[in-house]
Structure formats: C-alpha cells, structure tokens
Amino acid sequence: MAEQAIAIVGPTACGKTRRAVEAARAFNGEIISADSRQVYRMMDLGTGKDLEEYGDVPYHLIDICDPGYKYNLHLYLRDFTNAYSDIQERGRRPVICGGSGMYVENALKGIRLPDVPENKELREELQKFSLQELADILRTYKTLHNITDIDTKARAIRAIEIQDYYARNPEAAASASAQTAVPLDCLVVGIDISRELRRDRISQRLRQRLDQGMVEEIKSILDSGVDPESLIYYGLEYKFVTQYVIGRISRAEMEHDLEIAIHQFAKRQMTWFRGMENRGVPIHWIRHDVSEQEFLKFLTDNLRK
C-alpha cells in the first residue's frame, strides 16, 4: 500500500515550509508545492520561496515556468498528478505544502480537469456581450464561487467555453466533479497562528524582503523583457512593486498598500481553509509554535497505521 500523503496548509507567514521540511525528513517524503506563484522562475523574494529551508529535501512544482506565463488550475492539477504519482511509485511519501487554497482543495479531492479545446464559433458569439451579461450566462451553468472567472471578458468567455464543453461532454465533466473524483489518502494539517502574530510576521517579512532586494528582483524581471501588465497580473508583491517601479505609485504608497493587501490575502486564505472543512476536507489544526518533536509526534499519532 502506498504511503499516506501529508498536506501542510495555512495562511502566509505561518511557517508552513519549515513544518513541511520537518515532515519530509522524518517520513521519507518529498515536497509538492501548492503555491500558484512559486511555479515561476526568477520570482523568488516576492513569492517567498525560501529555498534555503529545503536543504536536501526534494521539492516539486517550484521554478517550472517563466514569468509572464499564465499558469492555471488545470495545468497545476496535471503537474500535481504527475509529481504525486512519481513520488509514490518510488516508495516515498508526498508532502503537499502551500497556501493556495483552490489548488490544495482540488488536488486533495482528486479533481482532474480535462483539456477543453477552443470553440471559435462560441467565442465569436460571446464577444458581443458585456462582462455582466457574460457573468449571467455563466451562472446558468454553475454557481460562481470564484470571482476570477469573471474579472475580465476573456476569462468569462473561457469559463463559459469550458462549461459548454462539459455540458456537451458529460464524461469529461465527470472527471472534473468532486462527486465522482477519488479523494487522496492524505492527512491534512493546518498551522494555527493567532491573527495578531500573523499580522506582525507579515509586516516583518515584508520589510525583510524589501531589504533583501525585492524591488531589484522585479526590476530584473522587467529588464528581461516581461511586460509590466503581465507581472501586475500576479497580484500582491508583483502588482504593487511593479506599479512603483514603472512610476504609477510612490514608494510609500507601494509599501502601505502592499502590506494591507497581504493582510487581506491571509484573511481570505483562512476563509478558504475553513470553507474546505465545511466542504468535507478534515483539517487537523496544530499550534504554529510547537516544538519539532511535538509536531512529529502529532503526525505519527494521526497518520494511518
């Protein structure tokens, strides 16, 4: 029988990476990142890769595509499945680590999104509608939990295209359904940190990364030929620092607005993880400050025997 996987989840700055490394070292594991931005090369400080923490622990789905590329959930689930299977086939234990709730939840639930071909006729037909009208059309197919589906006309049209394909190809829709997917055998551990300490850590970490050269990192990416709007698309650090670098906002505005945005993001992360529990994914919460020995005992006690 394959080793039961471990997933370490929680909001930004809670210490997930350190705990994932401890788990991987103790339980013959390899880490699979579940972070929507750490897939990009060169984007190190802004995404908080902290690669020095991994040491000799193998990791996957970090630095796999170039900045400017539009990586998405479909590609992540494909790459995740390949990495997960490879780790298990070599007799090792997958340790999933990340704060991108949508990526984590769909991976844990065994969702697989099929390749949906472009439908040029449908796209042309949908171009005449406003964004609000496209959102209303999309709602006839599904409940809108994820507002990124409708933040631009292009995304809304693609979302409708996917749902239309599923409607005409029910066997494809079945593979993308939580009702028919086979969930992973995984112990999900949440790192519990108080709101006050989380805010302090976020603020401290932001100042540290700015001191370490986050602005220079983003200047370097722009100098390599990546369009500013492509970096802004990634949000948070890349949105605000890029706007500062190209002269849209001041340094003070950048630091102030970015700090607020990261705090808001961490709050949304926690809302997602609580929602995951309500949607049937049990999360075993443990205090962020337990010792390594206590943490590993917690895992030993809760892993499948």
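My aim in this report is to walk through the structure given alongside it, one point at a time. Since the structure is predicted, the reported quantities are computational estimates derived from the model, not experimental observations.

## A short note on the sheet that holds strand β3 (residues 59-60)
Point 1. Strands sit in the order β3-β2-β4-β1-β5-β6 across an open sheet of six strands; the sheet is parallel. In this open sheet, the two strands that pair with only one neighbour each are β3 and β6 (284-287).
Point 2. When strand β2 (residues 29-33) meets strand β4 (residues 93-98), the two strands line up parallel, connected through five bridges. For Ile32, the partnering residue across the bridge sits in β4 and is Ile96.

## Describing the packing of aromatic side chains
Centre distance and the angle of the planes are the two values used to describe a pair of aromatic rings.
Point 1. Taken as a whole, this structure holds seven aromatic pairs when the rule is applied.
Point 2. Taken together, a centroid distance of 5.8 Å and an interplanar angle of 35° make the contact between Tyr76 and Phe80 tilted. With Tyr76 and Phe80 both in helix α2 (residues 73-89) and four residues apart, the pair spans about one turn of that helix. The same class applies to Tyr76 and to Phe80, which are both buried.
Point 3. By the ring-pair criterion, three or more aromatic residues cluster together here, those being Tyr76, Phe80, Tyr84 and Tyr103.

## Some thoughts on the environment of Ala135
Point 1. Within the element layout of this structure, Ala135 appears in helix α5 (residues 131-139).
Point 2. Given the relative accessible area of 4%, Ala135 is considered buried.
Point 3. Sequence-wise, Ala135 and Met43 are 92 residues apart; in three dimensions their C-alpha atoms are separated by 32 Å.

## Some points on the state of the cysteines
Point 1. Within this structure, the stated rule accounts for zero disulfides.
Point 2. Cys14 takes part in no disulfide bond, and the closest cysteine sulfur, belonging to Cys97, lies 8.2 Å away.
Point 3. The thiol sulfur of Cys186 is not disulfide-bonded, and the nearest other cysteine sulfur, from Cys97, lies at 12 Å.

## A look at the pattern of salt bridges
Point 1. On inspection of all chains with the given rule, the structure shows 26 salt bridges.
Point 2. Across the pair Glu22 and Arg19 runs a salt bridge, and its minimum N-O distance is 3.0 Å. Taken together, the residues Glu22 and Arg19, both in helix α1 (residues 16-26) and three residues apart, mark about one turn of the helix. One exposure class covers both Glu22 and Arg19, and it is buried.
Point 3. Here Asp164 and Arg168 are joined by a salt bridge, their closest N and O atoms 2.9 Å apart. Taken together, the residues span about one helical turn, with Asp164 and Arg168 both in helix α6 (residues 153-168) at a distance of four residues.

## Overview of the nonpolar core
Point 1. Core analysis: the biggest nonpolar cluster contains 56 residues, and Tyr76, Phe80, Leu108 and Leu231 have the highest contact counts within it.
Point 2. Put simply, the parts of the chain that give this core at least two residues each are β1 (5-9), α2, α3 (101-108), β5 (186-192), α8 (195-212), α9 (214-223), α11 (236-245) and α12 (251-278).
Point 3. The element best represented in this core is α2, accounting for eight residues.
Point 4. If sequence neighbours within four positions are ignored, Leu108 has contacts with Ala7, Ile96, Pro183, Leu184, Cys186, Val188, Met276 and Val281.
Point 5. Among the nonpolar cores identified, the runner-up in size contains 25 residues, and Val21, Ile31, Val95 and Ile191 belong to it.

## Focus: the pairing of β5
Within a regular strand, the side chains alternate between the two sheet faces.
Point 1. With six of its seven residues buried, β5 lies for the most part within the structure.
Point 2. The pairing of β1 with β5 spans five bridges and is classified as parallel. Within β5, the position partnered with Val9 by the bridge is Gly190.
Point 3. Two strands pair when backbone bridges link them, and β5 and β6 are joined in this way by four bridges, in the parallel orientation. Counterpart to Asp192 in the pairing with β6 is Arg287.

## Considering the packing of α11 against α12
Point 1. One can describe the packing of α11 onto α12 by two numbers: an axis separation of 9 Å at closest approach and a directional angle of 170°. Judged on the interaxial angle alone, α12 and α11 are roughly antiparallel. Facing Leu236, Glu237, Phe240, Val241 and Tyr244 of α11, the residues of α12 in contact are Arg251, Met254, Asp257, Leu258, Ala261, Ile262 and Phe265.
Point 2. The residue makeup of the contact of α11 with α12, split by class, is nine nonpolar, no polar and three charged.

Basis of the calculations
Residues numbered from 1 in each chain as written. Predicted model: local features only at pLDDT ≥ 70, side-chain atom pairs only at ≥ 80, totals over all residues. Heavy atoms only, no water. Pairing = 2+ DSSP bridges. Helix = DSSP H or I, 4+ residues; strand = E, 2+ residues; numbered from the N terminus. Phe/Tyr/Trp six-rings, centres within 6.5 Å; stacked < 30°, edge-to-face > 60°. Buried < 20%, exposed > 50% of the residue type's maximum accessible area, 1.4 Å probe, protein only. Disulfide = S-S within 2.5 Å. Salt bridge = Lys/Arg side-chain N within 4 Å of Asp/Glu carboxyl O. Core = buried A, V, L, I, M, F, W, Y, C linked by side-chain atoms within 4.5 Å. Contact = heavy atoms within 4.5 Å. Axes fitted to C-alpha atoms, helices over the stretch in contact; angles between N-to-C directions. Parallel < 35°, antiparallel > 145°, perpendicular 65-115°, else oblique. Nonpolar A, V, L, I, M, F, W, Y, C, P; charged D, E, K, R; others polar.

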